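Below, each chain spelled out in residue letters.
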Amino acid sequence: MDRAIIRGLIVIDSAWVLVLVAFVWILRQSVQASFFNHYEARALQSEQSAFKGLLKMVCDVVIELDSQLCVVGPTQDLCTFLLRGSSRALEGIPFMDLMQKEEDK
């Protein structure tokens, strides 16, 4: 009977070790994924900043548009370019509304 108890305890201990190893592996994968996502986001942000800087060297005005082609972000340069007063007036409006000629739209 003592051997049966010892075997039972060994089985229980082995099961706990397996659970612990699985938990540590899952935790490690989660931390790696989180680190990778954070690193990737910073790299993309850096690339976007570099591209924006290059565009500003070449173009008169650089603006950002959302998925519906509406103006987002700071629009002070665009307002100055279009000879408008307030930079807040252009945020959120569709970019096509800024084009006066129908054939340009």
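See the structure above.
Residues numbered from 1 in each chain as written. Predicted model: local features only at pLDDT ≥ 70, side-chain atom pairs only at ≥ 80, totals over all residues. Heavy atoms only, no water.

A. The environment of valine 61, seen in detail. Tracing the backbone through its elements, the reader meets valine 61 in the loop between α1 (2–58) and β1 (64–65). Look at valine 61 and you get partly exposed, because its relative accessible area is 22%. Taking the C-alpha atoms as reference points, valine 61 and phenylalanine 81, 20 residues apart in sequence, are found 7.2 Å from one another. (Helix = DSSP H or I, 4+ residues; strand = E, 2+ residues; numbered from the N terminus. Buried < 20%, exposed > 50% of the residue type's maximum accessible area, 1.4 Å probe, protein only.)

B. Quick look at a nonpolar patch on the surface. A cluster of nonpolar side chains, namely Ile5, Leu9, Ile12, Trp16 and Val19, defines an oily patch on the protein surface of about 540 Å² accessible area. Mapped onto the elements, isoleucine 12 comes out in helix α1. (Patch = residues over 30% accessible without salt bridge, like charges linked within 9 Å, V, L, I, M, F, W, Y side chains within 5 Å. Areas by Shrake-Rupley, 256 points an atom, 1.4 Å probe, with all protein chains shown as cover. Salt bridge = Lys/Arg side-chain N within 4 Å of Asp/Glu carboxyl O.)

C. Structural context of unusual backbone geometry. One non-glycine residue, leucine 69, lies in positive phi territory at about 60°. Tracing the sequence through the fold places leucine 69 in the loop between β1 and β2 (71–72).

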